[in-house]
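# Understanding the architecture of this molecule
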Amino acid sequence: MTLPKLTKDDWKTIGPWAAVIVIFIGSPIYLAVRPNDFTPFVQVLLSLFLFVLAYWIGYKAEIAKAAKAANDRWLPQAESVIYRLLTLRTNVRGFSDSTKSSCSEATCDLPELDDPALKAVRIKMKSDCEGSSQRLDDIGHQLEDAISDWRRFIEANCHGEECARIWDAIRDREARLEQEIKERKEAKAKKALPPEDAL
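Residues numbered from 1 in each chain as written. Predicted model: local features only at pLDDT ≥ 70, side-chain atom pairs only at ≥ 80, totals over all residues. Heavy atoms only, no water.

A separate point is the overall build of the chain. Looking only at helices and strands, the chain has 4 helices and 0 strands in total. Listing each helix as α and each strand as β along the chain from the N terminus yields α-α-α-α. The buried share of the chain, reckoned over its 199 residues, is 19%. A separation threshold of at least 6 residues defines the contact pool for the chain, and within that pool the share at least 24 residues apart is 78%. For the chain, the accessible area works out to roughly 15200 Å², and carbon and sulfur atoms hold 64% of it. (Helix = DSSP H or I, 4+ residues; strand = E, 2+ residues; numbered from the N terminus. Buried < 20%, exposed > 50% of the residue type's maximum accessible area, 1.4 Å probe, protein only. Contact = heavy atoms within 4.5 Å. Areas by Shrake-Rupley, 256 points an atom, 1.4 Å probe, with all protein chains shown as cover.)

Here's what the structure looks like:
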């Protein structure tokens, strides 16, 4: 079994604590063996070391507390932004689907477009429809990228149960929006069917 390699960041975290442990364990053992070496100078050095250690621990704790306070302020906003972006992406997808279906239905609704004299109009309509649909799809992809960025921000800054709650809420919102898209498509398909009397 091989031990994992430690990175520079690992050593930065482990190093100071290793030094503290060595001094805390080594000093009493050394002074127990050689009590005559416990001079006022050594006592001052140990007091200074304890003061620096207390200051360093307090400083680290304050940094962690400040980071948590900043996260507590920004995480709800990040969650809210994801909800809005998800809704916007769903609306854009809906517009894109509507544009595609409207374009395909135009030839059925306007049979006069089959006339060879109106070929230029037919080509123009088709290119406009495809262009609009493509632009909407591009906007949808950009929104997807923005959602991924905010997801990474939340993943990097949330902790414990808070993470689970946020991810569950986002999954619920996505499922609800997907259900809305499905229901819209089903309603549109039903509307497109001819009435039973006409069959």
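Moving on from the model shown.
Mapped onto the elements, N157 comes out in helix α3 (residues 119–157). There is a polar contact of 2.8 Å between the side chain of N157 and the backbone oxygen of F153. (Polar contact = N/O pair within 3.5 Å; in protein donor to acceptor, adjacent residues only side chain to side chain.)

This brings us to the state of the cysteines. Between two cysteines, a covalent bond joining their sulfur atoms is known as a disulfide. Scanning all chains against the criterion turns up 1 disulfide. One disulfide bridge connects C158 with C163, the sulfur atoms lying 1.8 Å from each other. The sign of the 105 degrees torsion about the S-S bond sets the C158-C163 disulfide as right-handed. In this structure, C158 and C163 share a single accessibility class: buried. (Disulfide = S-S within 2.5 Å.)

Considering all chains together, one arrives at 2 aromatic pairs under this definition. Aromatic pair Y55 and Y59: ring centres 6.3 Å apart, planes at 10 degrees, arrangement stacked. In this pair, Y55 and Y59 both sit in helix α2 (residues 40–109), 4 residues apart, roughly one turn of the helix. Pairing W150 with F153 gives two aromatic rings, centres 5.7 Å apart and planes at 75 degrees, and the pair type is edge-to-face. Linking W150 with F153, this pair stays in helix α3, spanning 3 residues, or about one helical turn. Over the ring of Y83 we find R173; its NZ or CZ atom is 4.4 Å from the centre of that ring. (Phe/Tyr/Trp six-rings, centres within 6.5 Å; stacked < 30°, edge-to-face > 60°. Lys NZ or Arg CZ within 6 Å of the ring centre and 35° of its normal.)

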